[in-house]
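Residue-level structure breakdown
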Amino acid sequence: MQLLKNKSNTLRFYFKPRKVVAQYKLFFSEEWLEASVDSIAEHVYKILFVVSDIAWGDDIKNPQIQGDNLEPILNKLKVKYPDKVIILRGAYNEQLKHVQAGLSYVKKQIPQATHCLYIDGDEIYTKLQIKQLLKLSKKIKYFNKAIRINYNTYFKTIYYKIFPIKYTPLLALFPIIDWVEYRDARNVNAKTIDLNDYFFEHPAYVRKDNEKMRLKIEAHRETEPIIGDWYNDVWLKWTPETKNFHPTNPEFWEGVTPVFENDLPKIMVETYKKFFLV
């Protein structure tokens with residue numbers, strides 16, 4: 001009886017009109033946020049920013065870790081996409097609590113939502129990439145699965161990316177069903193499919209200045225096993241010839257390869273060039 005009920009619910013979900021909510025968890029990444037949102041806005045139903053006013057980990061121990069000043073860019077995006085942007089604020093000292101707050105909000109306040117596009121403020125899609133990914137929500141094979149995809153990681157500048165790719169794909173799209181919950185900050189308990197030929201662009205290690213990177217690494221140190229004094233020993237001393245330099249698993253980043261401007265999303269290039277305008 002329960003099996004028949006589950007199949008019936010799955011069938012109803014399949015025929016439900018697709019409405020994708022993009023979920024951001026924010027504390028850093030104001031440099032790339034507008035470019036990220038612009039790359040996906042026309043393809044999603046709503047854009048939910050879950051903004052924390054404290055860093056992950058022991059915020060009392062690390063009161064010097066301040067997030068980016070997100071208010072100007074959030075206000076701009078609210079004006080730019082008035083019918084899509086939703087802002088949820090809170091104090092989330094764990095990544096899992098941060099993302100769970102967003103999913104709980106979507107389930108309660110946006111019941112028509114069918115899928116969540118998990119996206120960070122420094123992740124950018126080309127139009128082709130986002131359209132291909134979201135099309136999967138309509139396919140029998142994928143509509144009720146969590147989809148993990150690959151990504152290009154840029155280091156120091158958008159003109160170098162990590163190569164070869166040795167790290168695992170990241171969660172990008174999953175169904176919003178009653179029983180689906182986060183298991184950790186970027187995994188859910190739905191059946192997962194990895195699609196290694198799908199990509200997004202990830203300039204997570206391209207910041208306006210060194211201080212922003214230092215704060216990011218210190219914030220992540222509370223929740224991730226950052227090796228030694230990575231900021232001083234690797235970030236500040238890095239050259240394109242440096243090998244094995246990932247902050248927690250060095251071998252994940254064996255090296256880099258040059259990237260040509262014509263191979264990058266236009267919005268990514270335009271945003272990067274603005275870093276250097278006085």
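Heads up: the structure comes first, above all this text.
An account of the accompanying structure is given in this report. Remember, it's a predicted structure, so these values are computed and weren't measured experimentally. Sequence positions are assigned chain by chain, starting from 1 and proceeding in written order. Predicted model: local features are reported for residues with pLDDT of at least 70 only, side-chain atom pairs are reported and counted for 80 or more only, and whole-chain, interface and lining totals are derived from all residues. Where side-chain values are given, they derive from all heavy atoms of the structure, hydrogens and water being excluded.

What counts as a helix is a DSSP run of H or I of at least four residues, what counts as a strand is a run of E of at least two, and both are numbered from the N terminus. Residue position: His 202 is located in strand S10 (residues 192-205). For this analysis, residues touch if any pair of their heavy atoms sits within 4.5 Å. Dropping the residues within four chain positions of it, His 202 is found in contact with Asp 122, Glu 123, Tyr 151, Asn 152, Thr 153 and Tyr 154.

The subject of this paragraph is helix H4 (residues 95-109). A helix is expected to reach a length of 1.5 Å times the quantity of its residues less one. The first and last C-alpha atoms of H4 sit 21 Å apart over 15 residues, in line with the 21 Å expected at 1.5 Å per residue. Relative accessibility decides the category of a residue: with a 1.4 Å probe and only protein chains considered, values under 20% of the type maximum give buried, values over 50% give exposed, and everything between is partly exposed. Among the residues of H4, Gln 95, His 98, Val 99, Ala 101, Gly 102, Leu 103 and Val 106 are the ones counted as buried. Against strand S1 (20-26), strand S2 (46-52), strand S3 (85-90), strand S4 (115-118), strand S7 (170-175) and strand S8 (182-184) lie the buried residues of H4.

Right, let's get into unusual backbone geometry. The step from Phe 163 to Pro 164 runs through a cis peptide bond, and the omega angle for that step is -5 degrees. Inspection of the secondary structure assignment puts Pro 164 in the loop between strand S6 (157-162) and S7. A positive phi angle, near 70 degrees, is found at Lys 156, a position not held by glycine. One non-glycine residue, Asn 244, adopts positive backbone phi at about 50 degrees.

Now for the packing of aromatic side chains. Note on aromatic pairs: the rings of Phe, Tyr and Trp (six-membered ring only in Trp) are paired at centre separations within 6.5 Å, and the planes decide the class, stacked below 30 degrees, edge-to-face beyond 60, tilted for the rest. Across all of its chains, the model carries 26 aromatic pairs by this definition. On the numbers, 5.2 Å between centres and 70 degrees between planes, the contact of Trp 32 with Phe 275 is edge-to-face. Highlighted residues: Trp 32 in helix H2 (residues 30-40) and Phe 275 in the segment after helix H8 (266-274), separated in sequence by 243 residues. By the burial criterion, Trp 32 is buried, and Phe 275 matches it. A centroid spacing of 5.1 Å and a plane angle of 80 degrees characterise the contact between Tyr 272 and Phe 276, whose relative ring orientation is edge-to-face. Of the residues examined, Tyr 272 reaches a relative accessible area of 10% and is grouped as buried. Taking the relative accessible area as the measure of exposure, Phe 276 reaches 55% and is therefore exposed. The structure contains a cluster of three or more aromatic residues connected by ring pairs, namely Phe 155, Tyr 160, Tyr 205, Trp 230, Trp 235, Trp 238, Phe 245 and Trp 253. Here Lys 19 stacks its cationic end above the ring of Tyr 45, 4.6 Å away from the centre of that ring. Put simply, a charge is over a ring when the Lys NZ or the Arg CZ is close to the ring centre, within 6 Å, and near the line of the ring normal, within 35 degrees. Just above the ring of Tyr 45 sits the side chain of Lys 46; from NZ or CZ to the centre is 5.2 Å.

The next point concerns the pattern of salt bridges. Side chains that carry opposite charge are capable of pairing whenever their charged atoms lie near each other. Whenever a carboxyl oxygen of Asp or Glu lies within 4 Å of a side-chain nitrogen of Lys or Arg, that contact is scored as a salt bridge. For the structure shown, the criterion picks out 19 salt bridges. Among the salt bridges present, the one from Lys 216 reaches Asp 122, with a minimum N-O distance of 3.6 Å. Linking Lys 216 in helix H6 (residues 210-221) with Asp 122 in the loop between S4 and helix H5 (127-135), this pair joins segments that are 94 residues apart in sequence. Relative accessible area serves as the criterion here: at 5%, Asp 122 is assigned to the buried category. One connected set of salt bridges, linked through shared partners, spans Lys 25, Asp 120, Glu 123 and Arg 186.

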